[in-house]
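Survey of secondary and tertiary structure
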Amino acid sequence: MMLKPARLMLALIAVVAAPAFAQNAATVNGKAIPASRVDQMVKQVVAQGQQPDSPQLREMVKKELIGREVLLQEADKQGYGKKPDVTAAIDNARQSIIINAMLADYVKKNPVSDAEIKAEYDKYKAAMGGTEYHSRHILVATEQEAKDIIAKLKAGGKFEELAKVSKDGSANNGGDLGWMTPGKLVKPFADAMVALKNGEITQTPVKTEFGYHVIKLEESRPVKLPSLEEVKPQVAEALQQRKIVAYREELVKKAKVQ
């Protein structure tokens, strides 16, 4: 059946116009909301694991974008887009978006290797040491005070009771420092602690930058470290951030800053 000229013209217009309409999700007061913007937001929601892509999600996103556009148009009408604090915030956001895009690309081009991750893990293991220690201490201001406490302990005094005079927070729990590896302690303290046997007390005061310590070693045990596979994501993230910091510092050094 042949179409009449008028109907043929309408059909052709519809065919030609269809792709243009398909490119927009909606039009608000003459301002188009591109369908690509819906696609982008849907991808973000799906990537965050909030919910799968679906017609319901797309309709929800579309309504959200329409609401935003209505508010944006009203805000522009009231002149908020020209306020100094708003323009400054927009400029900051623009900077962050551009910088983050560049750094994301830098990370893709300079990935952290498995060899780097293992080297960092091995360094961590070495720093932790093979043994951790459960110790107590009494911290005082002078060497003589520490010597007096050692004398009282030799005479049968209870460490937990004498620790009440300690000038740090451990005084409230008998000087208990919990389990620690030597690498987390100042060197003079760590050296004196690891030299003790379980149950022993230092026979002379141990001087550190904090004062004078009397140390008691309760017990020791092998360090239980997570496996490389367990911490691999965290190690990779830390190394990645380190690369980004180094890249930034390199660019700053090359820049002409006045």
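To keep things clear, this report deals only with the structure shown in the data block. (Residues numbered from 1 in each chain as written. Predicted model: local features only at pLDDT ≥ 70, side-chain atom pairs only at ≥ 80, totals over all residues. Heavy atoms only, no water.)

Here's the deal with the overall build of the protein chain
From N to C terminus, the protein chain includes 9 helices and 6 strands. Each of the 258 residues in the protein chain was classed as buried or not, and the buried ones make up 26%. Taking the contacts inside the protein chain whose residues are at least 6 apart along the sequence as the reference set, 64% of them involve residues at least 24 apart. Total accessible area on the protein chain stands at roughly 18100 Å², and carbon and sulfur atoms take up 58% of it. (Helix = DSSP H or I, 4+ residues; strand = E, 2+ residues; numbered from the N terminus. Buried < 20%, exposed > 50% of the residue type's maximum accessible area, 1.4 Å probe, protein only. Contact = heavy atoms within 4.5 Å. Areas by Shrake-Rupley, 256 points an atom, 1.4 Å probe, with all protein chains shown as cover.)

Overview of the packing of aromatic side chains
Evaluated as defined, the whole model comprises 1 aromatic pair. Ring geometry for tyrosine 106 versus tyrosine 247: centroids 4.1 Å apart, planes at 10°, classification stacked. In this pair, tyrosine 106 sits in helix H4 (residues 84-109) while tyrosine 247 sits in helix H9 (residues 228-254), placing the two residues 141 residues apart along the sequence. Geometry around tyrosine 80 places lysine 83 over its ring, the cationic atom sitting 5.2 Å from the centre. (Phe/Tyr/Trp six-rings, centres within 6.5 Å; stacked < 30°, edge-to-face > 60°. Lys NZ or Arg CZ within 6 Å of the ring centre and 35° of its normal.)

A closer look at helix H6 (residues 143-154)
Because an α-helix packs 3.6 residues into every turn, residues spaced three or four apart end up facing the same way. Its 12 residues place the ends of H6 17 Å apart at the C-alpha level, agreeing with the 16 Å of an ideal helix rising 1.5 Å per residue. Residues of H6 that are buried: Ala146, Ile149, Ile150 and Leu153. Seen along its axis, H6 keeps its buried residues to an arc of 100°; they face one direction. Against strand E3 (131-140), helix H7 (159-162) and strand E6 (211-222) lie the buried residues of H6. Once H6 finishes, glycine 156 follows within two positions and takes phi at roughly 110°, a positive value. (Expected span 1.5 Å × (residues − 1). Arc of directions from axis to C-beta.)

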